[in-house]
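# Observations on the model geometry
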Amino acid sequence: MLTAHRLTCVRGTRPLFSGLEFSVGPGTWAHIRGPNGAGKTSLLRILAGLAHPEEGEVRWNGTKVGSEEFRRELMYLGHRAAVKEDLTALENLEFAAAMDGVDLTREEAEEALGRFGLAGREDLPVRFLSAGQKRRVLLAQTVARPAQLWILDEPFTALDVKAVDFLSNLIADHVKAGGIAVMTSHQAIPLPPGQVVEL
Ligand SMILES: Nc1ncnc2c1ncn2[C@@H]1O[C@H](COP(=O)(O)OP(=O)(O)OP(=O)(O)O)[C@@H](O)[C@H]1O
């Protein structure tokens, strides 16, 4: 269970939100919505333990986020997340897993990339891939290692229709299997209804 408890976030001199309170439990998902600049990315970073709120706190199963155990349960994909252009798709996945302290075999990485339609492109430096393909390399992390909590900032950006369909099914399956997803998107998210948090 992820719980946002009376969160207040100030950027510059401007309060983005205050006293924000919600919980997302196993088998459910939340859509964080709001206009440009409302603070959606700021909120996701706070939920992921990457930034601190001015007031309040975020708890994962009752404990403040940020622990190593929490990081192992977390798959965070930022809005501006970038692939490492000089590494291959495979090396990018291996690097991300190593940063998360997770063992990932070559076979597992290849399978994850294959599921995202990148079979045959695993060993190409990522700078030769299209914008949507680069995004797929990042998203392949979701299937490359297990994590109960997925925090995804604009996950559908740059994806074609087929990839949007694949990713939404993947998220739906994750939630059905008891996972939790928290996402931002300016478009409707093609999933069974979830909780809406409006900023
Ligand atoms: N480190 C920072 N210092 C000052 N202002 C910041 C900082 N980070 C974010 N902001 C400001 O906070 C506001 C919210 O930014 P944020 O990226 O969270 O919005 P958003 O809702 O995700 O927007 P978008 O829909 O455009 O992606 C913006 O006005 C931004 O300029």
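Now for a quick tour of the structure. Since the structure is predicted, the reported quantities are computational estimates derived from the model, not experimental observations.

## Thoughts on the overall build of the chain
Looking only at helices and strands, the chain features seven helices and nine strands. For the chain, whose C-alpha radius of gyration is 17 Å, the value lies close to the compact-globule estimate of 16 Å for 199 residues. Projected onto its principal axes, the C-alpha coordinates of the chain cover approximately 50 × 35 × 30 Å. Restricting the contact set of the chain to residue pairs at least 6 apart, pairs at least 24 apart contribute 68%.

## Focus: unusual backbone geometry
Notably, Arg6 is not glycine yet its phi reads approximately 50°, a positive angle. Tracing the backbone shows Arg6 in strand β1 (residues 2-11). Of note in the backbone geometry, Glu154 takes a positive phi value of approximately 50° without being a glycine. In this structure, Glu154 sits in the loop between β7 (149-153) and α7 (161-176).

## Structural notes on helix α5 (residues 131-139)
α5 sits mainly inside the fold: seven of its nine residues count as buried. The complete set of buried residues in α5 reads Gln133, Lys134, Arg135, Arg136, Val137, Leu138 and Leu139. Of the surrounding elements, those touching the buried residues of α5 are β6 (74-77), α3 (89-99), α6 (141-144) and α7.

## Some points on the pairing of β1
A regular strand carries its side chains on alternate faces of the sheet. Note that β1 and strand β2 (residues 14-24) share seven bridges and pair antiparallel. Within β2, the residue paired with Cys9 across the bridge is Phe17. Linking β1 back to β2 in an antiparallel pair, the connection comprises two residues, with Gly12 at a positive phi of about 65°. Alignment of β1 against strand β4 (residues 55-60), held across five bridges, turns out to be antiparallel. Directly across from Ala4, in β4, lies its bridge partner Val58.

## Quick look at the site of the ligand
Residues in close proximity to the ligand include Arg11, Gly12, Leu16, Gly34, Asn36, Gly37, Ala38, Gly39, Lys40, Thr41 and Ser42, which together make up its full environment. It is helix α1 (residues 40-47) that provides the largest number of residues to the shell around the ligand, a total of three residues. For the shell around the ligand, the class distribution of residues is two nonpolar, seven polar and two charged.

## Concerning the sheet that holds strand β8 (residues 180-184)
Sheet architecture is open: five strands sit in the order β6-β7-β8-β3-β9, paired in parallel fashion. The strands lining the two open edges of the sheet, one partner per strand, are β6 and β9 (195-198). Neighbour-to-neighbour, the strand axes of the sheet open up by a mean angle of 15°, direction not taken into account. Relative to β8, strand β3 (residues 28-33) runs parallel, the two being bridged by five bridges. Residue pairing in the sheet places Thr28 in a bridge with Ile180 of β8.

Calculation rules
Residues numbered from 1 in each chain as written. Predicted model: local features only at pLDDT ≥ 70, side-chain atom pairs only at ≥ 80, totals over all residues. Helix = DSSP H or I, 4+ residues; strand = E, 2+ residues; numbered from the N terminus. Rg over C-alpha atoms; globule rule 2.2 N^0.38 Å. Contact = placed C-beta atoms within 7 Å. Buried ≥ 20, exposed ≤ 12 C-beta atoms within 10 Å, placed from the backbone. Pairing = 2+ DSSP bridges. Near = placed C-beta within 6 Å. Nonpolar A, V, L, I, M, F, W, Y, C, P; charged D, E, K, R; others polar. Axes fitted to C-alpha atoms, helices over the stretch in contact; angles between N-to-C directions.

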